[in-house]
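Chain by chain, the residues:
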Amino acid sequence: MAVTPIKFYQTGSFAVGGRLLGEDQRSVQSDRERINSIDCGHRACQGCGEALGARYALDAAMRATGNRMVAVNATGCLEVFSTPYPETSWRIPWLHSLFGNAPAVATGVAAAMKAKGRTDVRVVGQGGDGGTVDIGFACLSGMFERDDDVLYICYDNEAYMNTGVQRSGATPAAARTATTPAVGPEPGAVFGQGKDLPMIAMAHEIPYVATATVADLRDLEAKVTRAMEFHGARYLHVLVPCPLGWGSASHDTIRIARLAKESGLFPVFEAEYGEVVATSKIRHQVPVEDYLRLQTRYAHLFGDEPRTGVIAGIQAQADRNIRRYNLLGEA
């Protein structure tokens, strides 16, 4: 991986743990001089993974660019809870675009900076899975195809959370949403639908593609830093659990993100120019059931008559990811 893993033997906050390390090993979040890109006063739900992901990613991007960065934000949860008119929680140059054109607007900002000779100013586009995987997909693919100098970050909470928890192209199989109710012989989201956007991004053979979760702060920061070492189109896909939409406890956000990776359901890797160059290995493999049981969006799988066939189907998806990305480190 891009960063050497560090084992912490004492539980506690990232800040406390980070400050016990040498300066070259500390996380951005442990630095009292960090920019605090998204600050207090926002209206995210308690335990919101997206609020964590945005702060971690953009603070790391600001450090990597010497605080010379512009962020372009699609409509969605992140925009709504951080900028209720006439207020804002952002402490960086930040633009709000439409739901589906954030990649295009970010491209325009990058082009404007280039025309002004400000090649030192970098651009980050960001949005949720609805604005990225679905509504903004055409603009994003165009950005990739043109190799525009933009890092685009998708904060994936696996549904349209801001508008009532409707299914998106990133909603996993069997998950209950407002538009995929837990009824009938095949409850929840249908198997075989949706998009694997990191794989699609890799197919464009852009300079850098990576996945991450909010459960591994150092890995996420390292990937943002690595992305900023490239010029051209770059894509980072971050899993950000949503307590409201997933029906999970707010204090379980980090735990659930970790289980998604440790079960193999969410593979964590890096790719350069279409080739996987590094993967985050599973340290303690867990069955997908450990991940599913913490979320009421999967409660219909564990009733009086457990839907073992559906659970087995989800396990098969995790097993395929483990084989595809060699997540257990086996030959």
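Preceding this section is the structure that the text describes.
Residues numbered from 1 in each chain as written. Predicted model: local features only at pLDDT ≥ 70, side-chain atom pairs only at ≥ 80, totals over all residues. Heavy atoms only, no water.

**Q** What am I meant to see in the nonpolar core here?
**A** Side chains of a nonpolar character, in soluble globular proteins, are inclined to be buried together. Grouped together as the largest cluster of nonpolar side chains are 38 residues, with contacts concentrated most on L58, I153, Y155 and L236. Residue assignment for this core shows that the elements contributing at least two residues are α2 (49–64), β1 (69–73), α3 (77–82), β4 (151–156), β5 (208–213), α8 (217–227) and β6 (234–239). Broken down by element, the residue count for this core peaks at eight residues, all from α2. When near neighbours in sequence (up to four residues on either side) are disregarded, I153 contacts A57, L58, V124, G125, Q126, G127, L236 and V238. In this structure, C154, A201, V209 and A233 belong to the second largest nonpolar core, which totals 31 residues. (Core = buried A, V, L, I, M, F, W, Y, C linked by side-chain atoms within 4.5 Å. Buried < 20%, exposed > 50% of the residue type's maximum accessible area, 1.4 Å probe, protein only. Helix = DSSP H or I, 4+ residues; strand = E, 2+ residues; numbered from the N terminus. Contact = heavy atoms within 4.5 Å.)

**Q** Quick question: what am I supposed to make of the packing of aromatic side chains here?
**A** In this description, an aromatic ring pair is defined by two values, namely the gap between the centres and the angle between the planes. A full pass over the atoms with the stated rule returns seven aromatic pairs. Consider the rings of F99 and Y160, whose centres lie 6.2 Å apart with planes at 70 degrees: the pair is edge-to-face. Of this pair, F99 sits in the loop between β2 (94–96) and α4 (102–115) while Y160 sits in the loop between β4 and α7 (197–203); the two residues are 61 residues apart in sequence, bridging distant segments of the chain. Under the relative-accessibility criterion, F99 is labelled partly exposed at 25%. Accessibility expressed as a relative area gives 16% for Y160, which makes it buried. Three or more aromatic residues joined by ring pairs make a cluster, and in this case those are F144, Y152 and Y235. Positioned above the aromatic ring of F137 is the side chain of K195, whose terminal nitrogen or guanidinium carbon lies 5.0 Å from the ring centre. Between R297 and the ring centre of W246, over which it is positioned, the NZ or CZ distance is 3.9 Å. (Phe/Tyr/Trp six-rings, centres within 6.5 Å; stacked < 30°, edge-to-face > 60°. Lys NZ or Arg CZ within 6 Å of the ring centre and 35° of its normal.)

That's the geometry; what it means functionally is another story.
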